[in-house]
Amino acid sequence: MSKRTKLHLRNIIKKAIQATRSRKEPTCAHVVFQNPRMKKNLAVCIVVGLVFTVCGNVWSMDVASATGKQDQHQKMVAVIIDDMGNNMKGTKQILNLPVKITVAVMPFLPSTKQDAIEAHKRGHDVIVHLPMEPKQGRPEWLGPGAIKANMSDEEVRAKVTAAIKEVPFAIGMNNHMGSKVTSDKRIMSIVLDVCKERGLFFVDSRTNYWSVVPELAVEKGMPPVRNDIFLDDAHTLAHVNRQLTKVAEWVDEHDTCVTIGHVGVAGMHTFSALHSSVPALKDHAKFVGISDLVRSVWGWKGAPATHTTIPSNEQ
């Protein structure tokens, strides 16, 4: 609309207001419609106003819709699969999932390197699944290279360093069992120090409510990332499906969700439930590797590639 037209309309409105004030009854319509030209201009003004109102509302709706989609895509779910490295049931199937996951590979086992390399080839994140002494549990469940509460500082450091070197392409670490050790500040401080020195972060699996890992991580400038939901703490398909429903509910309330499942006893149930739930979960959040999550949320800038063993034929 030109300045001249705007000025003319302003004068019309001004005259209407003056006319209204000079009479007891409202006469705006009477004043305006006495002049055909004024009538035409008022009609144009009304139409233009309606157009701007409608377009503005549509634009607002589009922006809200786009913003909603953007926020939705910013939500992230990181699926970690523990106990890789021992040819456990469900390994092959889980590595073939059509979304990015994180595989936690135990060191010093028959398929440690094979599982880590295969996961890396398929674009998944790899972390060290470090055995740690629990409060309870069978000794044979612990696995080789375990961190125990009676170890000296030097022994703990040597064990953690060896485990990192054992798992190709590792970018982080989490605990296998460890309900006893993860509440020990002395030991966990050493574990986190070694991880940080080598560019790795540590994911607290939360096998112990009294874990000191998040607190120590913050003190050391590391991401206090931890497990939110165990998928298969009960070994049935129905339970895993219920847990995946909780994952969807969690990301509706939070920006991120870290969820842990396993190969082995529940491996095929975990794979089956995940595979069938992927399309629905994608409506709630984006599947990411755990490294994507810690970089996005905490700005982690570790460089594990310079400290992690990479097979010569993969370099």
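Calculation notes
Residues numbered from 1 in each chain as written. Predicted model: local features only at pLDDT ≥ 70, side-chain atom pairs only at ≥ 80, totals over all residues. Heavy atoms only, no water. Helix = DSSP H or I, 4+ residues; strand = E, 2+ residues; numbered from the N terminus. Contact = heavy atoms within 4.5 Å. pLDDT = per-residue confidence, 0-100. Buried < 20%, exposed > 50% of the residue type's maximum accessible area, 1.4 Å probe, protein only. Phe/Tyr/Trp six-rings, centres within 6.5 Å; stacked < 30°, edge-to-face > 60°. Core = buried A, V, L, I, M, F, W, Y, C linked by side-chain atoms within 4.5 Å. Pairing = 2+ DSSP bridges. Right-handed = clockwise from strand over helix to strand, strands pointing away. Salt bridge = Lys/Arg side-chain N within 4 Å of Asp/Glu carboxyl O.

### Some points on the overall build of the protein chain
In step 1: The helix and strand tally for the protein chain stands at eleven helices and eight strands.
In step 2: Restricting the contact set of the protein chain to residue pairs at least 6 apart, pairs at least 24 apart contribute 73%.

### So, the confidence of the model for the protein chain
In step 1: For the protein chain, the average pLDDT comes to 83, and 73% of its residues sit at 70 or higher.
In step 2: Here residues 23–33 is modelled with pLDDT under 50, and outside its nearest four sequence neighbours on either side it reaches 16 contacts, counting other chains as well.
In step 3: Under a pLDDT of 50 for its full length, residues 47–72 has, in the predicted model, five contacts with residues more than four places off or in other chains.

### With respect to the side chain of T182
In step 1: For T182, the position within the fold is in the loop between strand 4 (170–177) and helix 7 (185–197).
In step 2: Among the residues examined, T182 registers a relative accessible area of 0% and is labelled buried.
In step 3: Not counting the four nearest positions on each side in its chain, T182 is found in contact with M132, N175, M188, T207, N208, W210, S211, V212 and V213.

### Some details on the packing of aromatic side chains
Aromatic rings in a pair are described by how distant their centres are and how their planes are angled relative to each other.
In step 1: One pass over the full model with this rule turns up two aromatic pairs.
In step 2: Seen from their ring centres, Y209 and W210 are 5.0 Å apart, and the 90° between their planes marks the pair as edge-to-face. Exposure class is identical for Y209 and W210. Each is exposed.

### Describing the nonpolar core
In step 1: V160, M173, M188, V191, F202 and I290 are the most contacted members of the largest nonpolar core, which totals 73 residues.
In step 2: For I290, the contacting residues outside a window of four places in its chain are A78, I80, T102, D125, I127, I171, F201, V203, V225 and V258.

### Focus: the pairing of strand 7 (residues 256–262)
Remember that side chains alternate between the two faces of the sheet whenever the strand is regular.
In step 1: For strand 7, a buried count of five out of seven residues is recorded, marking the element as mostly surrounded by other parts of the structure.
In step 2: By the bridge criterion, seven bridges tie strand 1 (residues 76–84) to strand 7 in an arrangement that is parallel. Across the sheet, I81 pairs through a bridge with G261, a residue of strand 7.
In step 3: For the segment spanning strand 6 (residues 229–230), helix 9 (residues 237–253) and strand 7, crossover handedness is right-handed.

### Observations concerning the pattern of salt bridges
In step 1: Within this structure, the stated rule accounts for nine salt bridges.
In step 2: The salt bridge partner of R157 is E197, with a shortest N-O separation of 2.9 Å. With R157 in helix 6 (residues 153–166) and E197 in helix 7, the pair connects residues that are 40 residues apart, well separated along the chain.
In step 3: Residue R157 is classed as partly exposed on the basis of its relative accessible area of 33%.
In step 4: Where E215 meets K185, a salt bridge forms, and the shortest distance between an N and an O atom there is 3.0 Å.

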